[in-house]
Amino acid sequence: GDDFSFVSPAVKYVLFFFNTLFWLAVAEAALACLAVDPAILLVVVGVLTFLITFCGCVGSLRENICLLQTFSICLTIVFLLQLAAGVLGFVFSDKARGKVSEIINGAIVHYRDDLDLQNLIDFGQKEFSCCGGVSYKDWSQNMYFNCTAANPSRERCSVPFSCCLQDAQEAVINTMCGQGMQAMSYLEASAFIYTNGCIDTLVNWIHSNLFLLGGIALGLAVPQLVGILLAQILINQIRDQIKLQLYNQQHRADPWH
C-alpha cells in the first residue's frame, strides 16, 4: 500500500537519540576538561564532535542519505584513528614515552605562563605523587625556578608546592614549601618533597591499569560501531524506500497498469 515504508521509525529515532546523548556526553566532558586543560585540541575535538553528531541527528530525522553517509564515514575515520593510535602506542612504546617526556618538559618550561596549565601540572603532581619529568631537578628548566646565580626570582632553585609531601593535618597549604629544594641532594629533598619524576610514574600507572584503559577504549568503541551500523541500516532503508516511490510513480503514470 501507499502507507508502506522501508524506513524503520525505531532505527531512525534510536540513531537520533544516540547522537544527542553522544554529543551531550562529549560536550560535558570537554567543558569539564577545559576548566583545567588549556589545550586547543579539546576545542577542536568538541567542534568536530558537534559537526559529526549534527550530521547524524539531522540526517536521521530528515532521512538525508548525504548527511548520514558523512556521519558514518567520519565516525569510521575516528574509530580507525583511535585504533591506530592504540596500536602505535603499544608497538612504539619507547617513542611514545619520548613524546610524553617532551610534552611534560614543555609544560614545565611554560608553567607560569598559563594559569590553567599550572593547575593541570599541580593536579598531576599531587595525584601521582611525583615532581618534574625525570626528577624534581627538571624544574630548573623553568625560568622562575632556574638554579643559576643570575636568576633574580624569589623562587630560584625551588619547586612548585604540588611537589611537597602532603600533611593531612595541615589545614592551609604552604605554597613556599618547595623553597630551595633543587639545591638539596635526593636524600635530603626526599624528606620534604616527591623526588621521583612524573614520566616513570605515569608509565608505571599505565602498565598497572591496562585492563582499565582497555575497558575505557572498548566503552568508547562500542557506541561508535553501533552508530555506524545504525547509520548504514537507515541508509539502506531510505534507498529501498526511494526505489519503492519511483516504482509507484512509474506505475501510476502507466495507463496499462
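Above this note sits the structure.
Here the structure is a predicted model, which is why all the values come from computation and not from measurement. (Residues numbered from 1 in each chain as written. Predicted model: local features only at pLDDT ≥ 70, side-chain atom pairs only at ≥ 80, totals over all residues. Heavy atoms only, no water.)

Asker: How do you make sense of the overall build of the chain when you look at a structure like this?
Answerer: A count of helical and extended segments in the chain gives eight helices and zero strands. Helices and strands appear in the chain in the N-to-C order α-α-α-α-α-α-α-α. Sorting the 257 residues of the chain into buried and exposed places 28% on the buried side. In the chain, 69% of the contacts between residues at least 6 apart in sequence involve partners at least 24 apart. For the chain, the computed accessible surface area is about 16,100 Å², with 68% contributed by carbon and sulfur atoms. (Helix = DSSP H or I, 4+ residues; strand = E, 2+ residues; numbered from the N terminus. Buried < 20%, exposed > 50% of the residue type's maximum accessible area, 1.4 Å probe, protein only. Contact = heavy atoms within 4.5 Å. Areas by Shrake-Rupley, 256 points an atom, 1.4 Å probe, with all protein chains shown as cover.)

Asker: Teacher, can you tell me more about unusual backbone geometry here?
Answerer: Apart from glycine, the bulk of residues carry a negative phi angle, and the bulk of peptide bonds sit in the trans form. For Ser 129, which is not glycine, the phi dihedral falls at a positive 50 degrees. For Ser 129, the location among the structural elements is in the loop between helix H5 (115–128) and helix H6 (186–189). Ser 129 sits in the partly exposed class, given a relative accessible area of 33%. Phi angles above zero are rare outside glycine, and Cys 157 is one such case at about 65 degrees. With respect to the helices and strands, Cys 157 occurs in the loop between H5 and H6.

Asker: Teacher, can you tell me more about the side chain of Ser 162 here?
Answerer: Tracing the sequence through the fold places Ser 162 in the loop between H5 and H6. Residue classification places Ser 162 among the buried positions, given a relative accessible area of 1%. Within the structure, the side chain of Ser 162 is placed 2.7 Å from the side chain of Asp 122, a separation counted as a polar contact. Polar side-chain contacts of Ser 162 include one of 2.7 Å to the side chain of Gln 125. Ser 162 has contacts with Asp 122, Gln 125, Lys 126 and Tyr 194, leaving out every residue within four places of it along the chain. (Polar contact = N/O pair within 3.5 Å; in protein donor to acceptor, adjacent residues only side chain to side chain.)

Asker: Help me understand the state of the cysteines in this model?
Answerer: Working definition: the covalent bond between the sulfur atoms of two cysteines is a disulfide. This model, assessed by the stated rule, comprises four disulfides. One disulfide in the model links Cys 147 with Cys 157; its S-S distance is 1.8 Å. Taking the sign of the torsion about the S-S bond as the criterion, the disulfide between Cys 147 and Cys 157, at about 100 degrees, is right-handed. Placement of Cys 147 in the loop between H5 and H6 and of Cys 157 in the loop between H5 and H6 is noted, with a sequence separation of 10 residues between them. The disulfide partner of Cys 164 is Cys 177, and the S-S distance across this bridge is 2.0 Å. On the sign convention where negative is left-handed, the bridge of Cys 164 and Cys 177, at about 105 degrees about the S-S bond, is right-handed. Residue Cys 164 is located in the loop between H5 and H6, and its partner Cys 177 is located in the loop between H5 and H6; the two are separated by 13 residues in the primary sequence. For the chain, numbering the cysteines in disulfides from first to last along the sequence yields the connectivity 1-8, 2-5, 3-4, 6-7. (Disulfide = S-S within 2.5 Å.)

Asker: Quick question: what am I supposed to make of the environment of Gln 237 here?
Answerer: Structurally, Gln 237 is set in helix H8 (residues 210–253). Each C-alpha atom, one on Gln 237 and one on Glu 63, is 9.6 Å from the other, the two residues being 174 residues apart in sequence.

Keep in mind that these numbers describe shape and distance, not what the molecule does.
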